[in-house]
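Fold and contact review
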Amino acid sequence: MSTHDTRNPCTKLCRYDAADRCMGCFRTRAEVRHWKRLPDETKAAINARIAARGGTVSKKDGKRAKKLDKKIRKLDAKLATLRARRLELEGAVVKAAE
């Protein structure tokens, strides 16, 4: 019987950052994909790394982060539209000056 912590640390917030790490449980994409086939020692080492980092992100915090990401995307789109309008105005001012 193994005394290692081999539980799956998944928090069901599977989104990956630029470093290809899950933003919920902080495992790499490969670690997530192959979890069931990993040896217990490897699983324990991954869980120890996650614990040393401060643990996983709670589902509540993850949902809040997703909502904020959605708001940021909407604001980015609106900002792009406003910048395009600004460029149009600058172009109209230049043409009027000619």
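Residues numbered from 1 in each chain as written. Predicted model: local features only at pLDDT ≥ 70, side-chain atom pairs only at ≥ 80, totals over all residues. Heavy atoms only, no water.

The next point concerns the overall build of the chain. Along the backbone of the chain there are three helices and zero strands. The linear arrangement of helices and strands in the chain, starting from the amino end, is α-α-α. What you see for the chain is a C-alpha radius of gyration of 23 Å, clearly larger than the 13 Å of a compact globule of 98 residues, by over 25%. Considering only C-alpha atoms, the chain reaches an extent of 85 × 25 × 20 Å along its principal axes. (Helix = DSSP H or I, 4+ residues; strand = E, 2+ residues; numbered from the N terminus. Rg over C-alpha atoms; globule rule 2.2 N^0.38 Å.)

Our focus in this paragraph is the confidence of the model for the chain. Here the chain averages 87 in pLDDT, while 96% of its residues score no lower than 70. Helix H3 (residues 59–97) is the least confidently modelled element of the chain, averaging 86 in pLDDT, while helix H1 (residues 29–33) averages 95, the highest of any element. (pLDDT = per-residue confidence, 0-100.)

Turning our attention to the pattern of salt bridges. Under the definition given, this model contains five salt bridges. The partner of Asp 5 in a salt bridge is Arg 7, with the nearest N and O atoms 2.9 Å apart. By relative accessible area, which is 33% here, Asp 5 ends up partly exposed. Of the residues examined, Arg 7 reaches a relative accessible area of 62% and is grouped as exposed. The salt bridge involving Glu 90 is made with Arg 86; its shortest N-O contact spans 3.5 Å. On the criterion of helical spacing, the pair formed by Glu 90 and Arg 86 is a turn pair, its members being four residues apart in helix H3. (Salt bridge = Lys/Arg side-chain N within 4 Å of Asp/Glu carboxyl O. Buried < 20%, exposed > 50% of the residue type's maximum accessible area, 1.4 Å probe, protein only.)

Taken as a whole and assessed by the stated rule, the structure comprises zero aromatic pairs. The side chain of Arg 27 reaches across the aromatic face of Trp 35, ending 4.9 Å from its centre. Stacked on the ring of Phe 26, the Lys or Arg Arg 53 has its end atom at 3.7 Å from the ring centre. (Phe/Tyr/Trp six-rings, centres within 6.5 Å; stacked < 30°, edge-to-face > 60°. Lys NZ or Arg CZ within 6 Å of the ring centre and 35° of its normal.)

Time to look at the environment of Pro 9. Secondary-structure assignment places Pro 9 in the segment before H1. Considering only alpha carbons, one finds Pro 9 and Gly 24, 15 residues apart in sequence, at a separation of 8.9 Å. Sequence-distant contacts of Pro 9, defined by excluding residues within four places in its chain, comprise Cys 25, Arg 27, Trp 35, Asn 47, Ile 50 and Thr 56. (Contact = heavy atoms within 4.5 Å.)

What follows covers unusual backbone geometry. A negative phi angle characterises most non-glycine residues, just as the trans form characterises most peptide bonds. Although it is not a glycine, Asp 20 adopts a positive phi angle of roughly 65°. Along the polypeptide, Asp 20 turns up in the segment before H1. A positive phi angle, near 70°, is found at Phe 26, a position not held by glycine. Assignment of secondary structure puts Phe 26 in the segment before H1.

Following the sequence through the fold, Arg 27 ends up in the segment before H1. As a buried residue without a salt bridge, Arg 27 has its nearest oppositely charged side chain in Glu 31, at a separation of 5.8 Å. Within the structure, the side chain of Arg 27 is placed 3.2 Å from the side chain of Asn 8, a separation counted as a polar contact. Apart from residues lying up to four places away in sequence, Arg 27 is in contact with Asn 8, Pro 9, Cys 10, Tyr 16, Asp 20, Arg 21, Cys 22, Val 32, Trp 35, Ile 46, Arg 49 and Ile 50. (Lys, Arg positive; Asp, Glu negative; His and termini not counted. Polar contact = N/O pair within 3.5 Å; in protein donor to acceptor, adjacent residues only side chain to side chain.)

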